[in-house]
Amino acid sequence: MAKPLFKDWQFPQQLTPYLFLLPALVILGLTVFYPALQAFYLSFTRYDLLTPPQWTGLTNLRRLWADQIFWQTLRNTLIYLIGVVPILVTFPLGLAILTNQKLRGIRWFRVAYYTPVIISMVVAGIAWKWLYADNGLLNQTLKLLGISDGIPWLTSPSWSIFSVMVVTVWKGLGYYMVIYLAGLQAIPEDLYEAAAIDGSDGLRKHWDITVPLMQPYLLLVAVISAISATKVFEEIYIMTQGGPLNSSKTIVYYVYEQAFQNLEISYACTIGLVMFLMILVLSIVRLGVQRLTDHDQPLS
């Protein structure tokens, strides 16, 4: 009687981890990698959803180089980075220090600071748009105090992008505060007690102890907030639509505008390629920061 052909066959043990990863890799391949490769290909073609792609080589890159609106959106994105990231790195640390105190009811303060994070950006954008209106609460308060007759927060090229930045900061403070709280609660109280004996108390103890020990978290928040600021879209779409005069238009919004309003799919892919390179650099930095955090010595 013949023996079964695969009776003594066993699945190679070294391939077992890849077997578990296979479903996730298939999903990532279909939803991330394949679309990314297709977008890369389309950036060298002319495609408008109505006709088949036609290979044009570097035409879109030359158009991008001469596109003044693209350079303006790139400049706006860099302004967003410079304006938002430093605030989201420093202010949440102060909130984390305040909410890390052992006081009665301190959890309610943590919830209050974290609430904007869980609010939908659509709801937040509409609410802030009402606050910024000509007859909104902010301008009414300025008129009541006699400071100004009103500021065109969202209708002036000088104010629009900075007004949107405020919403981004307001939404992100609580999120990064929680990251800092995790780091603060890992710092032993013995260090602060020893610092107090040496005469380092009050704000000085945070400068001497908290800031040096929180450096991995500071770097982590800096990179995460920079990536988020590079990809900002919802605030722009809801509050300004990129205006006035493209003063608040960012790279992501420009990609959306070219792809879904002008049906310039190939040109949008070219802009997205530039944005991909920017985020790739920030992501590499992010991985380095994560490795630094993971290998940081435990505070115990």
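One can find the structure itself at the top, above this paragraph.
Residues numbered from 1 in each chain as written. Predicted model: local features only at pLDDT ≥ 70, side-chain atom pairs only at ≥ 80, totals over all residues. Heavy atoms only, no water.

A. Layout of the pattern of salt bridges. Here the structure, examined in full by the defined rule, presents two salt bridges. Here Arg63 ties to Glu264 by a salt bridge, and the two come within 3.4 Å at their closest N and O atoms. On the criterion of sequence distance, the pair formed by Arg63 in helix H2 (residues 59-65) and Glu264 in the loop between helix H12 (251-261) and helix H13 (265-294) is long-range, its members being 201 residues apart. Classification of Arg63 as partly exposed rests on a relative accessible area of 36%. (Salt bridge = Lys/Arg side-chain N within 4 Å of Asp/Glu carboxyl O. Helix = DSSP H or I, 4+ residues; strand = E, 2+ residues; numbered from the N terminus. Buried < 20%, exposed > 50% of the residue type's maximum accessible area, 1.4 Å probe, protein only.)

B. How the structure looks around the packing of helix H5 (residues 121-132) against helix H6 (residues 137-145). It is at 5 Å that the axes of H5 and H6 come closest, and there the two elements cross at 30 degrees. As judged from the angle between their axes, H5 and H6 are roughly parallel. Taking contact as the criterion, the partners of Trp130, Leu131 and Tyr132 in H5 are, on H6, Leu137, Leu138 and Asn139. Counted by class, the contact of H5 with H6 contains five nonpolar, one polar and no charged residues. (Axes fitted to C-alpha atoms, helices over the stretch in contact; angles between N-to-C directions. Parallel < 35°, antiparallel > 145°, perpendicular 65-115°, else oblique. Contact = heavy atoms within 4.5 Å. Nonpolar A, V, L, I, M, F, W, Y, C, P; charged D, E, K, R; others polar.)

C. Structural detail: the packing of aromatic side chains. Inspection of the entire model under this criterion finds 16 aromatic pairs. Seen from their ring centres, Phe233 and Tyr237 are 5.6 Å apart, and the 20 degrees between their planes marks the pair as stacked. Ring geometry for Tyr256 against Phe260: centres 5.8 Å apart, planes inclined by 35 degrees, an arrangement best described as tilted. One end of the pair, Tyr256, and the other, Phe260, are both in helix H12, four residues apart, so they sit about a helical turn from each other. Exposure remark for Phe260: the relative accessible area of 65% places this residue in the exposed category. Just above the ring of Tyr267 sits the side chain of Arg63; from NZ or CZ to the centre is 3.8 Å. (Phe/Tyr/Trp six-rings, centres within 6.5 Å; stacked < 30°, edge-to-face > 60°. Lys NZ or Arg CZ within 6 Å of the ring centre and 35° of its normal.)

D. Fine view of helix H4 (residues 106-118). With 13 residues, H4 should reach 18 Å at 1.5 Å per residue; the first-to-last C-alpha distance of 19 Å fits that figure. Approximately 25 degrees is the largest bend angle found in H4, and it occurs at Ala112, with the proline Pro116 only one to four residues beyond. (Expected span 1.5 Å × (residues − 1). Bend = angle between axes of the 7 residues up to and from the residue.)

E. Representation of a nonpolar patch on the surface. Residues Leu15, Tyr18, Leu21, Leu25, Leu28, Val32 and Phe33 make up a contiguous nonpolar surface patch of about 670 Å² in total accessible area. Mapped onto the elements, Leu21 comes out in helix H1 (residues 16-42). What makes Leu21 partly exposed here is its relative accessible area of 46%. (Patch = residues over 30% accessible without salt bridge, like charges linked within 9 Å, V, L, I, M, F, W, Y side chains within 5 Å. Areas by Shrake-Rupley, 256 points an atom, 1.4 Å probe, with all protein chains shown as cover.)

F. How the structure looks around the environment of Ala222. Among the secondary structure elements, Ala222 is positioned in helix H10 (residues 215-230). According to the relative accessible area criterion, Ala222 is partly exposed, its value standing at 23%. Linking Ala222 and Thr90, residues 132 residues apart in sequence, is a C-alpha distance of 9.4 Å. Aside from chain neighbours lying at most four places away, what touches Ala222 is Val85 and Val89.

G. The arrangement of the nonpolar core in detail. Core analysis: the largest hydrophobic core is formed by 45 residues, its most contacted members being Tyr80, Tyr132, Tyr180 and Met239. Put simply, the parts of the chain that give this core at least two residues each are helix H3 (68-99), H5, helix H7 (160-184), helix H8 (189-197), H10 and helix H11 (234-239). Element by element, the count of residues in this core is highest for H7, at 12 residues. Ignoring sequence-local partners within four residues, the contact set of Met239 consists of Gly125, Trp128, Lys129, Tyr132, Leu154 and Val167. In this structure, Leu64, Ile265, Ala268 and Cys269 belong to the second largest nonpolar core, which totals 19 residues. (Core = buried A, V, L, I, M, F, W, Y, C linked by side-chain atoms within 4.5 Å.)

H. Representation of the side chain of Thr210 in the model. Structurally, Thr210 can be placed in helix H9 (residues 203-213). Setting aside residues no more than four positions away along its own chain, Thr210 makes contact with Ile97, Leu184, Ile187, Tyr192 and Lys205.

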